[in-house]
Amino acid sequence: MSLKKLLKEKGYKRIKLEFTKTNHLELVAKINNIEGNFILDTGASSTCVGMESVKHFKLLAEDSDIKAAGAGATDMLTQIAQKNQIEIKGWKKKKVDLVLFDLRHVNEALINHDAEKVHGIIGADLLKRGKAIIDYKNKSLYLK
């Protein structure tokens, strides 16, 4: 039996992934019914949206004590947007808190490698909630 068939029987949703030119896995997700491009990052503890996309997703930003670090930048100020809905190809979760921070350094790196800009990062918090299984060979993410 194939992995795809086994996981479908177990109630998982299959999400097709694309490799960017920077070898990141990318997917389309909806936040509050608005589509955006996201990098899948198992090393990111939280699902994040760039400050520049707050209006795009109609997020309610609140100040946060969390300091963000990653991709060569540390001690970045963050905000939080609470109780959002996220949907990835039919897999839905409500009451999702998103960390908001300046993603310009990430997008500059992507653009410098002829890759598309992203609205945010799907992190370990959401992957854990969805009991994620990543199939690199078939460029698929499975969420339950």
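Residues numbered from 1 in each chain as written. Predicted model: local features only at pLDDT ≥ 70, side-chain atom pairs only at ≥ 80, totals over all residues. Heavy atoms only, no water.

J.: Could you clarify how one ought to interpret the nonpolar core in this entry?
T.: Soluble globular proteins tend to pack their nonpolar side chains together in the buried interior. In this structure, Leu27, Leu59 and Ile122 are the most contacted members of the largest nonpolar core, which totals 25 residues. Mapped onto this core, the elements with two or more residues apiece are β3 (25-31), β4 (34-40), β7 (73-88), β8 (91-101), α3 (124-129) and β11 (140-143). Once residues within four sequence positions are removed from consideration, leucine 27 is found in contact with Ile15, Lys16, Leu17, Gly36, Asn37, Phe38, Leu40, Ile88, Ile122 and Leu141. Core analysis: the next-biggest nonpolar cluster, separate from the first, contains 11 residues, Ile39, Cys48, Leu110 and Val118 among them. (Core = buried A, V, L, I, M, F, W, Y, C linked by side-chain atoms within 4.5 Å. Buried < 20%, exposed > 50% of the residue type's maximum accessible area, 1.4 Å probe, protein only. Helix = DSSP H or I, 4+ residues; strand = E, 2+ residues; numbered from the N terminus. Contact = heavy atoms within 4.5 Å.)

J.: Even after reading the chapter, I still don't get the packing of aromatic side chains, so can you show me in this structure?
T.: When we look at a pair of aromatic rings, we describe it by the centre distance and by the angle of the planes. Summed over the entire model, instances satisfying the criterion amount to 1 aromatic pair. When the ring of phenylalanine 38 is compared with that of phenylalanine 57, the centres are 5.9 Å apart and the planes differ by 35°; the resulting orientation is tilted. In this pair, phenylalanine 38 sits in strand β4 while phenylalanine 57 sits in the loop between β5 (48-50) and β6 (62-70), placing the two residues 19 residues apart along the sequence. Residue class for phenylalanine 38 comes out buried when judged on its relative accessible area of 0%. (Phe/Tyr/Trp six-rings, centres within 6.5 Å; stacked < 30°, edge-to-face > 60°.)

J.: Would you mind showing me how to read the side chain of threonine 20 here?
T.: With respect to the helices, strands and loops of the structure, threonine 20 is situated in the loop between β2 (18-19) and β3. On the basis of relative accessibility, which here comes to 11%, the residue threonine 20 falls in the buried class. A polar side-chain atom of threonine 20 sits 2.7 Å from a polar atom in the side chain of threonine 22. If sequence neighbours within four positions are ignored, threonine 20 has contacts with Glu26 and Ala115. (Polar contact = N/O pair within 3.5 Å; in protein donor to acceptor, adjacent residues only side chain to side chain.)

J.: Help me out: how do you make sense of a positive patch on the surface in this one?
T.: Residues Lys4, Lys8, Lys13, Arg14, Lys16 and Lys139 make up a contiguous surface patch of positive charge. Of all elements in the fold, only α1 (3-9) and β1 (13-16) reach the threshold of two or more residues within the positive patch. Among the secondary structure elements, arginine 14 is positioned in strand β1. (Patch = residues over 30% accessible without salt bridge, like charges linked within 9 Å, V, L, I, M, F, W, Y side chains within 5 Å. Areas by Shrake-Rupley, 256 points an atom, 1.4 Å probe, with all protein chains shown as cover. Salt bridge = Lys/Arg side-chain N within 4 Å of Asp/Glu carboxyl O. Lys, Arg positive; Asp, Glu negative; His and termini not counted. Charge placed at Lys NZ, Arg CZ, Asp CG, Glu CD.)

J.: Just checking my understanding: could you explain the pairing of β11 for this structure?
T.: Every other side chain in a regular strand lies on the same face of the sheet, so the side chains alternate between the two faces. Burial of the side chains of β11 extends over both faces: Ser140 and Tyr142 are buried on one face and Leu141 and Leu143 on the other. Relative to β11, β1 runs antiparallel, the two sharing 4 bridges. Across the sheet, the residue bridging to lysine 13 is leucine 143, located in β11. As paired strands, strand β10 (residues 133-135) and β11 are joined by 3 bridges and run antiparallel to one another. Note on β11: the bridge partner recorded for aspartate 135 is serine 140. Hairpin connection, β10 to β11: the antiparallel pair is bridged by 4 residues, and lysine 139 has positive phi, about 45°. (Pairing = 2+ DSSP bridges.)

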